[in-house]
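Descriptive structure summary
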Amino acid sequence: MMKINWRSEALSLILLAAMFVAAGVTWSSAPDRIPAHWGTSGEPDRYAGKFEGLMGPPLMALGIYILFLVLPRIDPRKENYARFQGVYTVLKTLFVACMAALLGLVVLWARGVQVD
C-alpha cells in the first residue's frame, strides 16, 4: 500500500491553496467574460463566466489531485503503485503546476496584462 508522504505533497498543496487565493483576489476586478479556450492562433475562441473562468481551474486541479490520492487505494493492482511512488508524486505535482500556470495566465489576462 502506498502511503501519503505529506512532505512530498507540500508543493502540490501550496500550489492548490495559491490557486484559490489568486482566484479570490482577482474575482472583484475580473471582467464578466473570461477566456476559457484558445485556438491555434492564440486568440480566445470561447469565453466563460467568472466562476468557470477563475474557479474552474483550481476546482478541477483539486478534484483530479484527490483522484490521484484515492486511485492507489481503489485500483485492483494497488500493489504496483509502491514501485513507482516517486514518479507518481512527480506526476501529481506536475499536473497541479500546469493547472496553476493556466490559472496564472487567466489571472494575468483578467488584470489586463497582454500575454503572448
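Residues numbered from 1 in each chain as written. Predicted model: local features only at pLDDT ≥ 70, side-chain atom pairs only at ≥ 80, totals over all residues. Heavy atoms only, no water.

1. Concerning the environment of M99
You can see M99 is positioned in helix α3 (residues 85-110). Taking the C-alpha atoms as reference points, M99 and L62, 37 residues apart in sequence, are found 9.7 Å from one another. (Helix = DSSP H or I, 4+ residues; strand = E, 2+ residues; numbered from the N terminus.)

2. Observations concerning the packing of aromatic side chains
Evaluated as defined, the whole model comprises five aromatic pairs. Between the aromatic rings of Y81 and Y88, the centroid separation amounts to 5.3 Å while the plane-to-plane angle is 80°, which identifies the pairing as edge-to-face. Accessibility classification places Y81 together with Y88 in one group, the buried group. With a centroid separation of 5.8 Å and an interplanar angle of 85°, the aromatic rings of F84 and Y88 are classed as edge-to-face. Among the residues examined, Y88 registers a relative accessible area of 4% and is labelled buried. Of the aromatic side chains, those joined through ring pairs into one cluster are F68, Y81, F84, Y88 and F95. The side chain of R33 reaches across the aromatic face of Y47, ending 4.2 Å from its centre. (Phe/Tyr/Trp six-rings, centres within 6.5 Å; stacked < 30°, edge-to-face > 60°. Buried < 20%, exposed > 50% of the residue type's maximum accessible area, 1.4 Å probe, protein only. Lys NZ or Arg CZ within 6 Å of the ring centre and 35° of its normal.)

3. Looking at the pairing of strand β1 (residues 34-38)
Two elements, β1 and strand β2 (residues 44-48), share four bridges in a ladder whose sense is antiparallel. Within β2, the residue paired with P35 across the bridge is Y47. As consecutive antiparallel partners, β1 and β2 are separated by five residues, and within that stretch G42 has a phi angle of approximately 90°, a positive value. (Pairing = 2+ DSSP bridges.)

4. Quick word on the environment of E9
Checked against the element boundaries, E9 lands in helix α1 (residues 6-27). For E9, a relative accessible area of 2% puts it in the buried group. Sequence spacing of E9 and W38 is 29 residues, and the spatial spacing of their C-alpha atoms is 31 Å. Excluding anything up to four places from it in sequence, E9 contacts I4, Y65, L69, T89 and K92. (Contact = heavy atoms within 4.5 Å.)

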